[in-house]
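# Results of the structural survey
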Amino acid sequence: MQKMQVLENIWYCAAHSAEVSDKPLARIICGMPMVFYRGESGTPAALEDRCPHRQAPLSMGNVIGEDLQCDYHGFIYNNKGSCVHIPRQDAISANNKIQAFTTVERWGFIWVWWGNQEKADPSTIPDLPWTEEDGRRVEYFYWRVKANHQLMADNLLDVSHVDFLHKNSIASKIDPTAKESEAPKVTIETNVDGNTVHSLRIVHKTLLAGITAAWHGSEGPINRISTGKWEAPNSCILKLQFEDMDGTINETINLDHIMTPETDGSCHYFLDWTWDFGGPDGYPNNEDVHEEQCGIIEGDDIPIVEAQQDTLELFGKVQDIPVKQDKFVIEVHRVLQRMYEEQGLGLPPEVDRMAAAE
Ligand code: FES
Ligand SMILES: [Fe+2]
């Protein structure tokens with residue numbers, strides 16, 4: 001197996017809680033085929049997805065108690081990856097084992113530790129308490145994207161695409177050809193705190209249209225406030241608020257977009273979308289949010305990011321030209337560059353392309 005150049009000793013989001021059950025789930029994380037399952041205690045487990053006997057995928061097997069039985073010749077592995085049973089044979093050699101990965105279930109997600117398993121530290125899992133807050137609703141999403149995880153994460157760090165790519169859904173009402181002096185004023189602040197990057201972007205006195213006007217119940221004008229927090233490896237923890245001109249905020253949406261590498265050219269995209277208005281009987285309820293977000297992300301974001309991946313494969317090494325609006329992406333890439341260097345890893349092209357442009 002080709003080892004991917006990804007940050008180590010860190011949690012990667014691997015699945016939604018609801019995806020992991022007593023039916024094994026096969027998923028490639030950071031280039032490693034893993035099998036996820038829940039033993040009878042309900043505790044999730046993650047193992048290398050191969051049986052060392054003759055290399056059948058364990059994800060085709062069955063859960064027995066806390067263990068997993070290979071479907072081919074019935075060998076059983078415990079959740080530490082050790083073989084504990086061979087049919088019609090008592091002796092089990094010590095090297096009949098596979099790698100086990102530490103997992104933690106939190107905020108509706110299963111997180112897996114990639115790196116030195118002794119160092120797994122649950123306190124470093126991103127904090128997403130609004131997913132469990134009273135008075136808020138939450139909807140979870142998963143997509144497999146045929147693009148590098150960084151390209152997909154950069155899409156979320158770059159709020160400036162919203163008025164263009166999403167002109168038929170969540171954009172503000174703007175003239176797409178307006179010059180800087182004619183468009184609503186935008187203020188952007190970013191600050192870096194260790195390996196975390198914070199961003200605040202306010203579009204002042206702007207008008208809403210389409211879905212955003214429906215959420216707010218009017219076109220405004222409003223101040224559109226986007227707060228962002230990025231944590232390595234690629235959790236984009238975003239908050240969107242609409243502030244009326246008298247300072248009232250009636251809508252707060254938390255959107256946690258979390259990217260996990262599958263291979264160099266594909267990733268897993270997890271999202272929880274939580275909100276404090278509408279549903280269950282008002283608008284938007286969970287079905288509305290599900291339909292709207294699938295329409296936006298499957299209809300706009302994923303196609304353009306997959307097309308970027310295709311372009312990069314066709315053109316090879318090219319350089320980005322960042323602009324003022326890209327401040328959040330630029331700061332995140334600076335932190336990534338430092339983290340890759342600290343871990344003695346080469347810069348992946350998706351980070352190098354912008355680093356080289358600065
Ligand atoms: S390949 Fe799994 S038991 Fe033989
Ligand atoms: Fe988008």
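Residues numbered from 1 in each chain as written. Chains lettered and ligands numbered in written order. Predicted model: local features only at pLDDT ≥ 70, side-chain atom pairs only at ≥ 80, totals over all residues.

## Observations concerning helix 5 (residues 327-342)
- Taking 1.5 Å per residue, 16 residues should reach 22 Å; helix 5 reaches 23 Å between its end C-alpha atoms and fits that length.
- Buried within helix 5 are the following residues: Phe328, Val329, Val332, His333 and Leu336. Viewed end-on, helix 5 has its buried residues packed into an arc of 125 degrees, placing them on one side of the element. When the buried face of helix 5 is taken as reference, the exposed residues oriented beyond 90 degrees from it are Arg338, Glu341 and Glu342.
- Glycine 344 sits one or two positions beyond helix 5 and adopts a positive phi of about 70 degrees. (Helix = DSSP H or I, 4+ residues; strand = E, 2+ residues; numbered from the N terminus. Expected span 1.5 Å × (residues − 1). Buried ≥ 20, exposed ≤ 12 C-beta atoms within 10 Å, placed from the backbone. Arc of directions from axis to C-beta.)

## Here's the deal with helix 4 (residues 286-315)
- Helix length check: helix 4 (30 residues) gives 41 Å between terminal C-alpha atoms against 44 Å at 1.5 Å per residue, within 8%.
- At isoleucine 297, helix 4 shows its strongest bend, of approximately 35 degrees.
- Those residues of helix 4 that are buried lie in contact with strand 12 (137-145), helix 1 (149-157), helix 2 (162-165) and strand 19 (266-275). (Bend = angle between axes of the 7 residues up to and from the residue. Contact = placed C-beta atoms within 7 Å.)

## Here's the deal with the environment of proline 52
- Its place among the elements puts proline 52 in the loop between strand 4 (44-48) and strand 5 (62-64).
- For proline 52, a count of 18 C-beta atoms within 10 Å translates into the label partly exposed.
- Sequence separation between proline 52 and asparagine 96 is 44 residues; the distance between their C-alpha atoms is 6.5 Å.

## Some thoughts on the sheet that holds strand 11 (residues 109-114)
- Taken together, three strands build an open sheet; the order of strands is 1-11-10 and the sheet is antiparallel. The open sheet has two free edges, formed respectively by strand 1 (10-16) and strand 10 (103-106), since each of these has just one partner strand. In this sheet, adjacent strand axes meet at a mean angle of 30 degrees when their direction is disregarded.
- The pairing of strand 1 with strand 11 spans six bridges and is classified as antiparallel. Its bridge partner lying in strand 11, tryptophan 11 is registered against tryptophan 113. (Pairing = 2+ DSSP bridges. Axes fitted to C-alpha atoms, helices over the stretch in contact; angles between N-to-C directions.)

## Overview of the nonpolar core
- Residues Tyr12, Ala14, Phe36, Val112 and Met152 are the most contacted members of the largest nonpolar core, which totals 62 residues.
- Counting residues domain by domain, this core receives three or more from each of domain 1 (10-124) and domain 2 (129-307).
- Ignoring anything within four residues of it in the chain, the contact list for alanine 14 reads Arg27, Ile29, Phe36, Ala46, Ile110, Trp111, Val112 and Thr260. (Core = buried A, V, L, I, M, F, W, Y, C linked by C-beta atoms within 7 Å. Domains from an automatic or database assignment.)

## Examining the domain arrangement of the protein chain
- In terms of domain boundaries, the protein chain breaks down into domain 1 (10-124) and domain 2 (129-307).
- The distance between the C-alpha centroids of domain 1 and domain 2 comes to 34 Å.
- Every contact between the two is made by twelve residues of domain 1 and, on the other side, twelve residues of domain 2.
- With five residues, the single largest contributor to the side of domain 1 that touches domain 2 is strand 1.

## Comments concerning the packing of helix 1 against helix 4
- At a minimum axis distance of 10 Å, the contact between helix 1 and helix 4 shows a crossing angle of 135 degrees. Relative to helix 4, the element helix 1 lies oblique. Regarding helix 1 and helix 4, the two cross each other, and that crossing is right-handed. Taking contact as the criterion, the partners of Leu151, Met152 and Asn155 in helix 1 are, on helix 4, Asp301, Val305, Gln308 and Gln309.
- For the contact of helix 1 with helix 4, the residue count by class is three nonpolar, three polar and one charged. (Parallel < 35°, antiparallel > 145°, perpendicular 65-115°, else oblique. Left-handed = near helix turned anticlockwise from the far one by under 90°. Nonpolar A, V, L, I, M, F, W, Y, C, P; charged D, E, K, R; others polar.)

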